[in-house]
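Inside the fold
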Amino acid sequence: MVGYSWCEEFLGSFVMFCNKASESKRATLASTILVAVKSSSSSRSSDPCDRKKPIPQISRSYSGQFTPNTQKFGDNNLDGFTRPMIQTKVMTGAVPGTRQFSVVESVCRILHQLKWSPASEEALEKLNCALDPYQANQILKQLQDYRVAVGFFYWLKQRPGFKHDGHTYTTMVGILGRAREFGAINKLFGQMITDGCKPNIATYNRLIHSYGRANYLNEAVGVFNQMQKVRCVPDRVTYRALIDIHAKSGYLDVAINLYQRMQEAGLSPDTFTYSLIINCLGKAGHLTAAHKLFCEMVSQGCVPNLVTYNIMIALHAKARKYQCSLQLYRGMQSSGFEPDKVTYSIIMEVLGHCGHLDEAEAVFAEMKRKNWIPDEPVYGLLVGKIWQR
DNA sequence: GTAGGGTTAG
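Residue indices begin from 1 for each chain and proceed along its sequence in written order. Chain labels run from A onward and ligand labels from 1 onward, assigned in the order the entries are written. Per-residue local features are limited, in this predicted model, to residues with pLDDT of at least 70; the limit for side-chain atom pairs, both in listing and counting, is 80 or more; totals at the level of whole chains, interfaces and linings are taken over all residues. Hydrogen atoms and water are omitted, and side-chain values are computed over all heavy atoms in the structure.

1. Things to note about the overall build of chain A
Numbering goes from the N terminus for both helices and strands, where a helix is a DSSP run of H or I of at least four residues and a strand is a run of E of at least two. Broken down by element type, chain A carries 19 helices and 0 strands. Residues classed as buried in chain A amount to 47% of the 389 residues present. Only heavy atoms enter the contact rule, under which two residues are in contact if any of them lie within 4.5 Å. Partitioning the intrachain contacts of chain A with sequence separation of at least 6 by distance along the chain shows that 65% fall at a separation of at least 24. All accessible-area figures derive from a Shrake-Rupley calculation using a 1.4 Å probe, and residue coverage is judged against the displayed protein chains alone. Accessible surface computed for chain A: about 20800 Å², of which carbon and sulfur atoms make up 55%. Buried, partly exposed and exposed residues are distinguished by accessible area as a fraction of the type maximum, computed with a 1.4 Å probe on protein chains only: under 20%, between the cut-offs, and over 50%, respectively.

Take a look at the structure:
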């Protein structure tokens, strides 16, 4: 039985939450509550945990269709190219009473203030200093805006006496990958080779990660195959990226197969990879195997982290092994891990299913005491629980 | 001397 005081407190927090929320958030929240109310009033067994998601179809062929971005570097709206000259004071050297800026700092300040523009190009020319690829890479790494990075990279490329190396090319591949500029990546990759810089494992991993994050699974696998053709041996990062993107796309069998290949290659999994595969096995319905792998991980001296525990708790909760979830929850705490919002959310649901609403109340209070702000789904869940009383 | 990655819930 849920105490009245808890309901009152919860509703108080709920009203406060609603007052703080924006109109759109309130609308979303209203629909969340409606769903919770509808589901609890229509059937008592229709809690979120009971709702079965369709099993991912794991044998289908890849559907990623890659259309290269044909945008050219010269006309991709590089900031300021079409604007009048910006008259901004740029600090590029010694100022009385202050320390001398390094070349890297000076260039970064120019690019930060002027982005890529005729003004920044002029300021860079005025600096009149020779940059080496190491410094160029230090600068590139600090550029958040890919358009600035592209402008600076190609400005460097045409500078007499300057030559990009594998590091600067790889950094640039990463920057373009984050921006999902695949047409530009292809162009750059070709230039890297004609420039005599051999792509290495870091370059290939960046490509795989970029394609994977954009859901271009075929292209990511293509890079994986290509790198092996040129005898670049995949490492942990390669396998981890491929396992992750396949698991996320529902190709659980491919992910598990990659894990086996990784082991065959003599690469031992780390906490991150174990977590990915444990989740994969559990989602594919192999909970015993997932649990076994969790035990193996511990026995191998690989320490589970909070996410590993959250995965294990959630997998057992989904399989309705609520006591196992609670046992893992306690084990996690005795191992010194503080639950986070994800843990609390799962555990409240588990306790709700077990009928321990007083304990769910205590967890809710603890969650708030530890400054975790309950979000819409958590409120939706609790509204559903109250409605069921 | 530099370069690569990120997992979990509803």
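2. So, the nonpolar core
Nonpolar side chains tend toward joint burial in soluble globular proteins. Nonpolar core, defined: a set of buried Ala, Val, Leu, Ile, Met, Phe, Trp, Tyr and Cys residues in which side-chain atoms within 4.5 Å join the residues together. With 103 residues, the main nonpolar core has Leu-111, Leu-124, Ile-139, Phe-152, Met-172 and Ile-278 as its most contacted residues. Among the elements that make up this core, the one with the highest residue count is helix α6 (residues 146–157) (9 residues). In this view, Leu-124 contacts Val-107, Ile-110, Leu-111, Trp-116, Phe-152 and Trp-155; residues no more than four positions away in its chain are not counted.

3. Quick word on the protein's contact with DNA strand B
Put simply, a residue is near a molecule or strand once any heavy atom of it comes within 4 Å of that molecule or strand. Near DNA strand B, the surroundings consist of 41 residues, among which Asn-200, Asn-205, His-209, Arg-240 and Phe-272 are the closest. Considering DNA strand B, the proportion of its atoms within 4 Å of the protein that are sugar or phosphate atoms stands at 45%. What qualifies as a polar contact is a pair of N or O atoms within 3.5 Å, subject to a donor-acceptor requirement within protein and to the restriction that residues adjacent in sequence count only when both atoms come from side chains. Between DNA strand B and the protein, one listed contact pairs a phosphate oxygen with a side-chain N or O atom of Arg-213 at 3.4 Å. Separating a base oxygen of DNA strand B from a side-chain N or O atom of Asn-310 is a distance of 2.8 Å. The set of elements that each furnish at least two residues to the surface near DNA strand B consists of α5 (133–141), α7 (166–178), α9 (201–213), α11 (236–248), α13 (271–283), α15 (306–318), α17 (341–354) and α19 (376–388). With 6 residues, α9 is the largest single contributor of residues to the surface near DNA strand B. Class assignment for the residues of the surface near DNA strand B results in 14 nonpolar, 12 polar and 15 charged. Lys, Arg, Asp and Glu make up the charged group, whereas Ala, Val, Leu, Ile, Met, Phe, Trp, Tyr, Cys and Pro make up the nonpolar group; the residues left over, Gly among them, are polar.

4. Re the packing of aromatic side chains
Any Phe, Tyr or Trp ring, taking Trp's six-membered ring, that has another such ring centre within 6.5 Å forms a pair; planes under 30 degrees apart are called stacked, those over 60 apart edge-to-face, and the others tilted. For the structure shown, the criterion picks out 10 aromatic pairs. Residues Phe-152 and Trp-155 carry aromatic rings whose centres are separated by 6.1 Å and whose planes lie at 20 degrees to one another, so their mutual orientation is stacked. You can see Phe-152 and its partner Trp-155 sitting in helix α6, 3 residues apart, about one turn around the helix. In terms of burial, Phe-152 and Trp-155 fall into one category: buried. Taking the centre distance of 5.3 Å and the plane angle of 70 degrees together, the rings of Phe-153 and Tyr-169 count as edge-to-face.

5. Some remarks on the UniProt feature "repeat: PPR" (unreviewed entry) in chain A
In this structure's numbering, the residues bearing the UniProt feature "repeat: PPR" (unreviewed entry) are residues 165–199, 200–234, 235–269, 270–304, 305–339 and 340–374. Along residues 165–199 the backbone is 74% helical and 0% strand, and the end-to-end C-alpha distance reaches 10 Å. Secondary structure content for residues 235–269 is 74% helix and 0% strand, while the C-alpha to C-alpha distance between its ends is 11 Å. UniProt positions are given in the numbering used here, feature names are shortened, and annotations may be inferred rather than shown by experiment.

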